[in-house]
Amino acid sequence: MQGTVLGFDQQSRSGAISGDDGKRYKLTGSSLGAGVTSLRAGQKVDFEVANDNEANEVFPLSGASAGAGSTGEKNKVAAGILALLLGSLGVHKFYLGRTQTGLLTLGAFVVSYIIHDSIFTLYMMLGSFLAFILKSGSFLVMAGIVIVSIIEGVIYLTKSDEAFNETYVASKEKKWL
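If you're wondering where the values come from, they're calculated on a predicted model, not measured in any experiment. Residue positions are given per chain, counted from 1 along the sequence in the order it is written. The predicted origin of the model limits local features to residues at a pLDDT of at least 70 and limits the giving and counting of side-chain atom pairs to 80 or more, whereas totals for whole chains, interfaces and linings rest on all residues. Hydrogens are left out, water is left out, and the side-chain values use all remaining heavy atoms of the structure.

### Quick notes on the overall build of the protein chain
Then, number 1: Secondary structure assignment for the protein chain yields 5 helices and 5 strands.
Then, number 2: Each helix is a run of H or I in the DSSP string that is no shorter than four residues. Each strand is a run of E no shorter than two, and both are numbered from the N terminus. Each helix and strand of the protein chain, placed in order from N terminus to C terminus, yields the pattern β-β-β-β-β-α-α-α-α-α.
Then, number 3: Taken across its 177 residues, the protein chain has 31% of its residues classed as buried.
Then, number 4: We call two residues in contact whenever any of their non-hydrogen atoms come within 4.5 Å of each other. Intrachain contacts of the protein chain at a sequence separation of at least 6 include 54% that bridge at least 24 residues.
Then, number 5: Only carbon and sulfur atoms are counted for the fraction: they give 62% of the accessible area of the protein chain, which is about 9,900 Å². Exposure categories follow from relative accessible area, calculated using a 1.4 Å probe and restricted to protein chains: below 20% of the type maximum is buried, above 50% is exposed, and the middle band is partly exposed. Using a 1.4 Å probe, accessible areas were evaluated by the Shrake-Rupley method; residue-level cover was limited to the displayed protein chains.

In structure tokens:
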């Protein structure tokens, strides 16, 4: 039978599957098929029914077992590398589907860069203290964005696949980090 994982708690190794027949089935860590280490909510699976309400021999239909480096649609390694290399432009946020924070990051960096570059010209022409303050402030904004992006990249790369998926892919709550 086939169905969809309603939830799977990695620590208690238990969860539930909604079968295509409309019934719910209990899921335990011992129910998982050979080589399957975990499942994620919303994942399509194939399973056998035991004792009328228990799933047995559960295998993901996606072709790769969850927890094998892939977290469904989004990969933590790809997100981490994007954050480390192109994080100042918000590319990792766009990759994770967080368009608003991606636009905010991109906009803040581009505006700061434009101010920093144009103030440099103004500063060289006028030598103004205000130009120096604006130039310094825009540099601090750009540096802050780069530092936060590096921290995010490290966080993505050090989280477990399950934690990354729950926090950044499956979660409806859009956190900054």
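### Describing the packing of aromatic side chains
Then, number 1: Only the six-membered ring of Trp is used, alongside the rings of Phe and Tyr, when aromatic pairs are assigned; centres must lie within 6.5 Å, and planes under 30 degrees apart are stacked while those over 60 apart are edge-to-face, with the rest tilted. Enumeration according to the criterion identifies 4 aromatic pairs in this entry.
Then, number 2: Aromatic pair phenylalanine 164 and tyrosine 168: ring centres 5.3 Å apart, planes at 45°, arrangement tilted. Here phenylalanine 164 and its partner tyrosine 168 are both found in helix 5 (residues 161-170), 4 residues apart, which amounts to about one turn of the helix.
Then, number 3: Look at phenylalanine 164 and you get buried, because its relative accessible area is 0%.
Then, number 4: An aromatic cluster is built from Tyr156, Phe164 and Tyr168, whose rings are joined through pairwise contacts.

### Some words on the confidence of the model for the protein chain
Then, number 1: What pLDDT conveys is the predictor's confidence in a given residue, as a value from 0 to 100. The share of residues in the protein chain with pLDDT of 70 or more is 85%, and the mean pLDDT across the chain is 81.
Then, number 2: When pLDDT is averaged over each element of the protein chain, helix 1 (residues 76-86) comes out on top at 93 and helix 5 at the bottom at 78.
Then, number 3: Overall, residues 63-72 carries pLDDT values under 50, and its contacts beyond four positions in sequence, including any with other chains, amount to 24 contacts.

### Considerations on helix 1
Each α-helix turn comprises 3.6 residues. Residues three or four places apart therefore point the same way.
Then, number 1: Listing the buried residues of helix 1 in full gives Lys76, Ala79, Gly80 and Ala83. The buried side chains of helix 1 occupy one side of the element, clustering within an arc of 100° when seen end-on.
Then, number 2: If you check the start of helix 1, you find a side-chain oxygen 2.7 Å away from the backbone N of valine 77, and it comes from asparagine 75. Picture the helix axis, draw a direction to every C-beta atom, and the arc is the one those directions span. Polar contacts, as used here, are pairs of N or O atoms within 3.5 Å; protein pairs need one atom able to donate a hydrogen and one able to accept it. Residues neighboring in sequence count only if both atoms are side-chain atoms.

### Brief notes about the environment of valine 91
Then, number 1: Tracing the backbone through its elements, the reader meets valine 91 in helix 2 (residues 91-95).
Then, number 2: Residue valine 91 is classed as partly exposed on the basis of its relative accessible area of 26%.
Then, number 3: When the C-alpha positions of valine 91 and alanine 79 are compared, they lie 8.7 Å apart, and in sequence the two are 12 residues distant.
Then, number 4: In this structure, valine 91 is in contact with Leu82 and Leu86, ignoring residues within four places of it in sequence.

### A short note on the pattern of salt bridges
Then, number 1: Take a side-chain nitrogen of Lys or Arg and a carboxyl oxygen of Asp or Glu: if they are within 4 Å of each other, that pair is a salt bridge. For the structure on display, the rule yields 3 salt bridges.
Then, number 2: Two residues, aspartate 20 and lysine 44, come together in a salt bridge whose shortest N-O distance is 3.6 Å. Pair noted here: aspartate 20 is in the loop between strand 2 (14-19) and strand 3 (24-28) and lysine 44 is in strand 4 (residues 44-50), with a separation of 24 residues, a long-range link.
Then, number 3: One salt bridge connects aspartate 161 with lysine 76, and the closest N-O pair in it is separated by 3.7 Å. With a gap of 85 residues between them, aspartate 161 in helix 5 and lysine 76 in helix 1 connect regions that are remote in the sequence. The two residues aspartate 161 and lysine 76 agree in class, both being buried.

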